[in-house]
Amino acid sequence: MGKTPLWQAIGNALREDIAEGRYRPGDKLPTEAELSERFGVNRHTIRHALSALIEDNLVHTRRGSGAFVKGTPTDYPIGKRVRYHENLRAAGRYPSKRVLHVETRPATEKEAARLGMTPGDLLTSRHGISMADGQPIALSISEFPEVRWPGIGEFMRENTGVTAALEKAGVTDYTRLSTRVRAALANATQAIHLELREGAPLIYTTSLSVDQNGQEIEFGRTWFASDRVTLTLEEDG
C-alpha cells in the first residue's frame, strides 16, 4: 500500500478536529501560516489539504478572511407571511440586518409598473444585508411606494427591520402575494457583500407584497448564498 500523501494526511487531521468539535460550525480555521507551522509543511501543501475539505463541503473560504467550518444551511420558509427575524429565530439562528443604502427618488416606468404607481412618483429603495449568527446569507433590494405612504424612506433609515418601519408608516399588516425563484451567479459586488467568491451560485428571488387592503407595498429582489440557506415554499392557511 502506498504512503498517504502529506496533504491528505493533513486534511484527515483537520476532518478529525472538526468531527470532534475542536472547530465548530462557523469557526475560523488557523491561517495557512499557522497550519504550515503546525504540520511542518509549506503553504502549497496546506492549500491542497484545504481544497479537499472545500470539495467535501466541510469548509468554505471568505475573500480576505480565511477558511471557515461550514454550518448547516439556515432553513428559511417563504409563504404569505415572510418575517425575517421571526423566521430566523424559529430556525434557532440569531438574526441581524445591516442597511447599506436608502434613497428616495422618482420611480422609473418599470419600477412604477411593479408597484401600481405612476412614473415619476416618489419611491424609496432600500439596500441591505441579512445575516444569521453574524454570517451574511442574503443581499436584498426592496422598493416601497413613498408617494402612497409618505415617510417610509425616513422610517427605513431609522429601522433595520422592514416590519417596524412599515408599522410606523401606518402599514399594520402585509402579506407576500407572489414569489419567483431562479438560480444566479454572484457578481463582484455581491461576492464582496456576501463574502463569497465571484461566480459563486446564488438563489435569486423576486417578490411582491401587499398591505391589508391588497395595495402593493413592496417589490423585493433578494440574492441568497445558496450554500447557507434552504428555501422552503409554504402554503399558508
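Shown above is the structure to which this text applies.
As a starting point, this report considers the structure included with it. Remember, predicted model here, so these are calculated numbers, not experimental data. (Residues numbered from 1 in each chain as written. Predicted model: local features only at pLDDT ≥ 70, side-chain atom pairs only at ≥ 80, totals over all residues. Heavy atoms only, no water.)

The next subject is the overall build of the chain. The helix and strand tally for the chain stands at eight helices and ten strands. Here the C-alpha coordinates of the chain stretch approximately 75 × 35 × 30 Å along the principal axes. Within the chain, the fraction of its 237 residues that count as buried is 43%. Counted over contacts in the chain with a minimum sequence separation of 6, partners at least 24 positions apart contribute 58%. With the model as given, the accessible surface of the chain reaches about 12,600 Å², and the carbon-plus-sulfur share is 49%. Looking at the chain, you have 31 positive and 31 negative side-chain charges, and the mean spots of the two groups are 4 Å apart. (Helix = DSSP H or I, 4+ residues; strand = E, 2+ residues; numbered from the N terminus. Buried < 20%, exposed > 50% of the residue type's maximum accessible area, 1.4 Å probe, protein only. Contact = heavy atoms within 4.5 Å. Areas by Shrake-Rupley, 256 points an atom, 1.4 Å probe, with all protein chains shown as cover. Lys, Arg positive; Asp, Glu negative; His and termini not counted. Charge placed at Lys NZ, Arg CZ, Asp CG, Glu CD.)

With eight of its ten residues buried, strand 9 (residues 216-225) lies for the most part within the structure. When strand 6 (residues 135-144) meets strand 9, the two strands line up antiparallel, connected through six bridges. Bridging across to strand 9, Ile141 finds its partner in Arg221. Between strand 8 (residues 201-211) and strand 9, which pair antiparallel in sequence order, lie four residues; one of them, Gly214, sits at a positive phi of approximately 80°. (Pairing = 2+ DSSP bridges.)

Okay, the packing of helix 1 (residues 6-19) against helix 3 (residues 43-55) next. Put simply, helix 1 and helix 3 touch, their axes get as near as 8 Å, and they point 55° apart. With respect to helix 3, the element helix 1 is oriented oblique. The crossing of helix 1 and helix 3 is right-handed. Contacts between helix 1 and helix 3 pair Leu6, Trp7, Ile10, Gly11, Leu14 and Arg15 from the former with Thr45, Ile46, His48, Ala49, Leu50, Ala52 and Leu53 from the latter. When its residues are assigned to classes, the contact of helix 1 with helix 3 shows nine nonpolar, three polar and one charged. (Axes fitted to C-alpha atoms, helices over the stretch in contact; angles between N-to-C directions. Parallel < 35°, antiparallel > 145°, perpendicular 65-115°, else oblique. Left-handed = near helix turned anticlockwise from the far one by under 90°. Nonpolar A, V, L, I, M, F, W, Y, C, P; charged D, E, K, R; others polar.)

Attention now goes to the environment of Leu35. Relative to the assigned elements, Leu35 resides in helix 2 (residues 32-39). Contact partners of Leu35, with chain neighbours within four places excluded, come to Leu14, Pro30, Ile46 and Leu50.

With that settled, consider helix 1. The end-to-end C-alpha separation of helix 1 is 20 Å, in line with the 20 Å expected for 14 residues at 1.5 Å each. Those residues of helix 1 that are buried lie in contact with helix 2, helix 3, strand 1 (59-62) and strand 2 (66-69). Positive phi appears at Gly21, one or two residues downstream of helix 1, with a value of about 85°. (Expected span 1.5 Å × (residues − 1).)

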